[in-house]
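# Topology and contacts: notes
Here is what each chain is made of, one letter per residue.
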Amino acid sequence: MVRKKSKPVESGYALFDVLYEDGSRSSNRRVPRSVLDGLDGDEPARRVIEEQDNAIAERAGRPRIPIEKISRSLV
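Residues numbered from 1 in each chain as written. Predicted model: local features only at pLDDT ≥ 70, side-chain atom pairs only at ≥ 80, totals over all residues. Heavy atoms only, no water.

## Some words on the overall build of the protein
Under the convention used in this document: Only runs of H or I of at least four residues qualify as helices and only runs of E of at least two qualify as strands under DSSP, and these elements are numbered from the N terminus. For every residue, the accessible area obtained with a 1.4 Å probe (protein chains only) is divided by the maximum for its type, and the residue is called buried under 20%, exposed over 50%, and partly exposed between those limits. Any two residues whose heavy atoms approach within 4.5 Å at even a single point are treated as in contact. Every accessible area reported is derived by Shrake-Rupley at a probe size of 1.4 Å, with residue values counting cover from the shown protein chains alone.
Secondary structure assignment for the protein yields one helix and three strands. Start at the N end of the protein and walk to the C end: the helices and strands fall as β-β-α-β. Taking all 75 residues of the protein together, the buried fraction comes to 24%. Relative to all contacts within the protein whose residues are 6 or more apart in sequence, the contacts with residues 24 or more apart total 43%. Carbon together with sulfur atoms contributes 51% to the accessible area of the protein, which is approximately 6,100 Å² in total.

So, in structure tokens, the structure goes:
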């Protein structure tokens with residue numbers, strides 16, 4: 001009897017690697033897939049990550065480092 005292959009489970013998040021202007025980087029930043037459904041490509045992910053960074057910087061009491069580049073993680 002032949003068994004069907006199971007389909008991969010879609011997660012609710014896409015993962016991104018972030019390179020900051022000061023040369024530091026952050027890997028596997030989670031962005032909800034629901035914000036990536038439009039024609040803007042990965043640009044909405046940049047806005048979500050910037051919002052996350054703003055919240056982190058505010059809690060830490062330091063300025064946010066500007067993002068130079070984002071790319072999807074190759075997991």
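## Quick notes on the environment of Arg64
The condition that has to hold: Pairing of N or O atoms within 3.5 Å defines a polar contact, subject to two protein rules: one partner must be a possible hydrogen donor and the other a possible acceptor, and residues neighboring in sequence count only if both atoms are side-chain atoms.
Inspection of the secondary structure puts Arg64 in the loop between helix 1 (43-60) and strand 3 (67-72). Not counting residues up to four positions away in its chain, the partners in contact with Arg64 are Glu50, Asp53, Asn54 and Ala57. Among the polar contacts made by the side chain of Arg64, one reaches the side chain of Asn54 at a distance of 2.8 Å.

## So, the pairing of strand 2 (residues 25-32)
Under the convention used in this document: Strands are treated as partners if at least two bridges between them are detected by DSSP.
Judged from the six bridges that link them, strand 1 (residues 13-20) and strand 2 form a sheet pairing that is antiparallel. Paired with Leu19 across the strands is Arg25, a residue of strand 2. Joining the antiparallel neighbours strand 1 and strand 2 is a turn of four residues, in which Gly23 adopts a positive phi near 95 degrees.

## Side note on the packing of aromatic side chains
Aromatic rings considered in pairs are described by the distance between their centres and by the relative angle of their planes. Here is the rule we go by: We call Phe, Tyr and Trp rings a pair once their centres come within 6.5 Å, taking the six-membered ring for Trp, and we label the pair stacked below 30 degrees between planes, edge-to-face above 60, and tilted otherwise. Any Lys NZ or Arg CZ found within 6 Å of a ring centre and within 35 degrees of that ring's normal is scored as a charge over the ring.
As enumerated under the stated definition, the model contains zero aromatic pairs in all. The ring of Tyr13 carries the charged tip of Arg30 above its face, separated from the ring centre by 3.8 Å.

## What about the confidence of the model for the protein?
Where we set the bar: Confidence of the predictor at the level of single residues is captured by pLDDT, which takes values from 0 to 100.
Per-residue pLDDT for the protein has a mean of 87; in total, 88% of the residues score no lower than 70. Per-residue pLDDT, averaged within each element of the protein, yields its smallest value for strand 2 (93) and its largest for strand 1 (95).

## Some remarks on the side chain of Asp53
When you line up the elements, Asp53 lands in helix 1. For Asp53, the residues in contact, after removing those within four places along its chain, are Tyr20, Arg29, Arg64 and Ile67.

## Topic: the pairing of strand 1
Because side chains alternate across strand 1, one face comprises the buried residues Ala14, Phe16, Val18 and Tyr20, and the other comprises Tyr13, Leu15, Asp17 and Leu19, none of which is buried. Of the pairings in the sheet, the one linking strand 1 to strand 3 comprises five bridges and is antiparallel in character. Among the inter-strand pairings, Phe16 is bridged to a residue of strand 3, identified as Arg72.

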